[in-house]
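# Summary of structural features
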Amino acid sequence: MAYYVEIHPVNPQQRLVDKVVEHLRHGEVAAIPTDSGYAIVCTMANKEGLERIRTIRQVGAKHHFTLLCHSFAQLGQLVILDNSEFRLLKAATPGPYTFILRGTKEVPRMTLHPKKNTIGVRIPDHAICQAIVEALGEPLLSSSLIMPGEANPLTEGWIVNDALGAALDVVVEGPVGRGPTTVIDFSDGEPVITREGAGDLSLFE
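Structure report, in brief.

Basis of the calculations
Residues numbered from 1 in each chain as written. Predicted model: local features only at pLDDT ≥ 70, side-chain atom pairs only at ≥ 80, totals over all residues. Heavy atoms only, no water. Axes fitted to C-alpha atoms, helices over the stretch in contact; angles between N-to-C directions. Helix = DSSP H or I, 4+ residues; strand = E, 2+ residues; numbered from the N terminus. Parallel < 35°, antiparallel > 145°, perpendicular 65-115°, else oblique. Left-handed = near helix turned anticlockwise from the far one by under 90°. Contact = heavy atoms within 4.5 Å. Nonpolar A, V, L, I, M, F, W, Y, C, P; charged D, E, K, R; others polar. Phe/Tyr/Trp six-rings, centres within 6.5 Å; stacked < 30°, edge-to-face > 60°. Buried < 20%, exposed > 50% of the residue type's maximum accessible area, 1.4 Å probe, protein only. Core = buried A, V, L, I, M, F, W, Y, C linked by side-chain atoms within 4.5 Å. Pairing = 2+ DSSP bridges. Polar contact = N/O pair within 3.5 Å; in protein donor to acceptor, adjacent residues only side chain to side chain.

Moving on: the packing of helix 1 (residues 14-25) against helix 5 (residues 127-136). Interaxial distance between helix 1 and helix 5 falls to 9 Å at its minimum, and their mutual angle equals 60 degrees. In terms of their interaxial angle, helix 1 and helix 5 are classed as oblique. Pair helix 1 / helix 5 crosses with right-handed handedness. Contacts between helix 1 and helix 5 pair Q14, V17, D18, V20, V21, L24 and R25 from the former with A131, I132, A135 and L136 from the latter. Residue composition of the contact of helix 1 with helix 5, by class: 8 nonpolar, 1 polar and 2 charged.

Pasting the structure below:
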């Protein structure tokens, strides 16, 4: 069964955050709360972890993974942005948005969309998630924890633990945000909203 830990939603206990990060650095896979529901995460270069996430989610090679970032400076190293994209992303972060953009050489090729060379990036507005990414010192590779056949991510840690505790190494208990992120795809140069979720959509219309 997974290591199950409850972390304070406003003032995350550093010793518990560090314990989660230790598991991640050892190549393990975790479920953590974010501002849009639970996500399954591993370190960015963890190929085995990536395949485990694909298996849990039952998704194929064209699935868009998302890199959870701590800051805009960190995000900017991972994707190619022109000036207008830079301004839009800067205005919308942190927040419940996922941006699909072309990845830079800093992003492991195995995580990119095989044809478009794109990756999702976002900066969650969530204390626990932010604390974990900051302590790790690099972005987390993630996918929303949506069970096969369902439309929305799981929102309760104990349910995640009951359903997937045998398939995960770590489950972090904590509150989540208000539903799925809004996904904005910049693959063709102009912002296209491919999923309407939380957040103000007028920024991208």
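From this point, the narrative continues.
Let's shift gears to the packing of aromatic side chains. Centre distance and the angle of the planes are the two values used to describe a pair of aromatic rings. In total, this model carries 3 aromatic pairs according to the counting rule given. Relative to F186, the ring of F99 lies with its centre 6.4 Å away and its plane at 45 degrees, an arrangement referred to as tilted. One end of the pair, F99, is in strand 5 (residues 97-102); the other, F186, is in the loop between strand 9 (182-185) and strand 10 (192-195), and 87 residues separate them in sequence. Residues F99 and F186 agree in their burial class; the two are buried. Here the aromatic cluster, defined as three or more aromatic residues joined through ring pairs, consists of Y97, F99 and F186.

Our next topic: the nonpolar core. Formed by 37 residues in total, the largest nonpolar core has its most connected members in L67, L75, F99, V121, L145, V160 and L168. When near neighbours in sequence (up to four residues on either side) are disregarded, L67 contacts M44, L78, V107, I119, G120, V121, R122, P139, L140 and L141. With 21 residues, the next largest nonpolar core counts A39, A131, V133 and V172 among its residues.

A separate point is the pairing of strand 5. Burial runs high along strand 5: 5 of the 6 residues are buried. Bridge analysis of strand 5 against strand 9 gives 4 bridges, and the strand direction is parallel. Bridge assignment links T98 to a residue of strand 9, and that residue is V183. Strand direction decides the pairing type here: strand 5 and strand 6 (residues 118-122), joined by 4 bridges, are antiparallel. Each residue of the ladder has a partner; that of F99, found in strand 6, is V121.

Among the structural elements, S202 can be located in the segment after strand 10. On the basis of relative accessibility, which here comes to 46%, the residue S202 falls in the partly exposed class. Each C-alpha atom of the pair S202 and G189 lies 18 Å from the other, and the pair is 13 residues apart in sequence. Engagement of the side chain of S202 in a polar contact is seen with the side chain of D200, the distance being 2.7 Å.

Just geometry here; none of it tells us what the structure is for.
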